[in-house]
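In case you want the letters, here they are:
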Amino acid sequence: MIEDGFLYVSILITFTAVVALAESKIKSKFFKYVPGIVLIYIGCTLMQTFGLFGTSDSMDSTYNSLRGALLPAMLMLMLLHCDLRKLFKLGPKMLLTFFAASFSIIAGFAITFALLQSFYAPGTDKAFAALSGSWTGGSANMVVLQDILNVPEGIFGYALIMDTINYSIWVMFMFWLVPFATVFNKWTKTDTKYLDQVTAELAASSEESESKNIGFVEMLGMLALGLFVAAISTAIGNRLPELGEAVNGTTWTIIIASFIGVVLAMTKVAKIPGSMELSKVMLYIVIALIASHADFSQILQAPIYILSGFMILLFHALIMILLAKIFKLDLFTMGVASLANVGGIASAPILAGSFHRSLIPIGIIMAIMGSFFGTYFGLITNFILSKL
């Protein structure tokens, strides 16, 4: 069992590099249907599940420090070729889809609870309401709702298990869907003209910069810029006041780093090559870090609650697919709206970047909206469940 932080990180990065190398060198349709980023998530989760990583102050400190540095740095570098004026062409459907995703999750909780409530322990309705706050906003909302609703500690533990197991699998599933965007959009008969146009324009701008030779100086400069912005954003974010429990130092850090990236995108800094490659390295490492804290070993400890979690997400998916078919919505919009609710600020921007890195602001905006509304959505869920 590994308890040394440095060894822990080195194993994650080595595994990430092996998967990335295989994806690049092996010409197989396998990687078309199972992207490398999904394999990284599965592999690192299995390492944790089978006990390769232990628990120690060294590992916790290394995880928090590295993730805290790489996430804002990665987002800033990915945003260097972002043009918000082009993103505005996407219109209000993004916001409407976000709220549709939120209410489909609430509906999933209501339907699942109505079907299985005879199998639950007393107080499960309150635990589900707290979990609903997490799946429509973030973990902070879940903690707030636990206090507001006086959720019993024992039942709240089941909600935490669901928030670990079901959430982890849902995030992995959403990344797995990315290569099927064209097929999904064709099935829903989506008019992706504006999205394709925006993506093409952003890609052209990015390729113009990245077509230049990337040398030692450029890579070192981008690395220095990313880490410096991450450090400044963290320092400022931790000093800004919290707005309730939803907007904390981490949220401020992401907002500040993203703002700096958007501003620098309008300067000559955006023309320096290397940001795309370096940000992708950071992306893979961040995914490995996140996955290493997921654990599937608890999946048999509370089977009815784990089953309930999958049912909730299934109803959420079915409702979203139905809306996509009726209103002809694209997979990018649906996926980011879903993960902005279930995953929050840490994963929605990453999923948006998987479609195209310059679309990250949409993931950030949606996730921040969730952090504001999650508590209220949880209270709505509690009201509905209390009437069933």
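Computed from a predicted structure; not experimentally measured.

1. Some thoughts on the nonpolar core
- Tyr-8 and Trp-135 are the most contacted members of the largest nonpolar core, which has 109 residues in total.
- For Trp-135, the residues in contact, after removing those within four places along its chain, are Ile-105, Phe-109, Met-162, Asp-163, Asn-166, Tyr-167, Gly-309, Ile-312, Leu-313, Asn-341 and Val-342.

2. Some details on the environment of Ser-102
- Its place among the elements puts Ser-102 in helix α6 (residues 93–116).
- When its relative accessible area of 0% is taken as the criterion, Ser-102 is described as buried.
- Put simply, Ser-102 and Gly-133 are 31 residues apart on the chain and 9.8 Å apart in space, counted from C-alpha to C-alpha.
- Discounting chain neighbours no more than four positions away, the residues touching Ser-102 are Thr-136, Asn-341 and Phe-377.

3. Re the packing of helix α4 (residues 57–78) against helix α14 (residues 275–291)
- Running from N to C, α4 and α14 point in directions that differ by 145 degrees, and their axes come no closer than 9 Å. Handedness of the α4/α14 crossing: left-handed. Where α4 abuts α14, its residues Tyr-63, Leu-66, Arg-67, Leu-70, Leu-71, Ala-73, Met-74, Leu-77 and Met-78 lie against Ser-275, Leu-278, Ser-279, Met-282, Leu-283, Ile-285, Val-286, Leu-289 and Ile-290.

4. Points about unusual backbone geometry
- Here the phi dihedral of Asn-150 falls at roughly 55 degrees; this positive angle occurs in a residue that is not glycine.
- A relative accessible area of 58% means that Asn-150 is categorised as exposed.

5. As for the confidence of the model for the protein
- Scored by pLDDT, the protein comes out at a mean of 83, with 87% of its residues at no less than 70.
- Per-residue pLDDT, averaged within each element of the protein, yields its smallest value for helix α5 (residues 84–87) (58) and its largest for helix α15 (residues 303–327) (94).

6. Describing the side chain of Asn-166
- With respect to the helices, strands and loops of the structure, Asn-166 is situated in helix α9 (residues 153–177).
- Setting aside chain neighbours within four positions, we find Asn-166 in contact with Trp-135, Ile-161, Tyr-305, Ile-306, Gly-309, Phe-310 and Leu-313.

7. Focus on the environment of Thr-164
- Relative to the helices and strands, Thr-164 is located in helix α9.
- Look at Thr-164 and you get partly exposed, because its relative accessible area is 25%.
- In sequence terms Thr-164 and His-293 are 129 residues apart; their C-alpha atoms lie 9.0 Å from each other.

8. Considering the packing of α6 against helix α7 (residues 124–135)
- Two elements in contact, α6 and α7, have axes whose closest approach is 10 Å; the angle formed by their N-to-C orientations is 160 degrees. Judged on the interaxial angle alone, α7 and α6 are roughly antiparallel. As for how α6 packs across α7, the hand of that crossing is right-handed. Contacts between α6 and α7 involve Ile-105, Ile-106, Phe-109 and Phe-113 from the former and Thr-124, Asp-125, Phe-128, Leu-131, Ser-132 and Trp-135 from the latter.
- Here the residues of the contact of α6 with α7 are counted per class, giving 7 nonpolar, 2 polar and 1 charged.

What counts as what
- Sequence order sets the numbering: in each chain, residues are counted from 1 along the sequence as written.
- Only residues with pLDDT of at least 70 are given local features in this predicted model, and only at 80 or more are side-chain atom pairs given and counted; all residues enter the totals for whole chains, interfaces and linings.
- The basis for every side-chain value is the complete set of heavy atoms in the structure, and neither hydrogens nor water enter the calculation.
- As used in this record, nonpolar core signifies buried Ala, Val, Leu, Ile, Met, Phe, Trp, Tyr and Cys residues forming a set joined through side-chain atoms within 4.5 Å.
- Only protein chains enter the accessibility calculation, which uses a 1.4 Å probe. A residue is then buried if its area is under 20% of the maximum for its type, exposed if over 50%, and partly exposed in between.
- The contact criterion used is simple: two residues touch if any of their non-hydrogen atoms lie within 4.5 Å.
- A run of DSSP states H or I qualifies as a helix once it reaches four residues; a run of E qualifies as a strand once it reaches two. Both are numbered from the N-terminal end.
- Between N-to-C directions, angles span 0 to 180 degrees; the directions come from axes that are lines fitted to C-alpha atoms, helices contributing only their stretch in contact.
- Each crossing gets its handedness from the near helix: less than a right angle anticlockwise from the far helix is left-handed, clockwise is right-handed.
- The pLDDT value tells you how sure the predictor is about a given residue, anywhere from 0 up to 100.
- Roughly parallel refers to an angle under 35 degrees, roughly antiparallel to one over 145, roughly perpendicular to one between 65 and 115, and oblique to any angle outside these ranges.
- By the convention adopted, Pro, Cys, Tyr, Trp, Phe, Met, Ile, Leu, Val and Ala count as nonpolar, Lys, Arg, Asp and Glu as charged, and the other residues, Gly among them, as polar.

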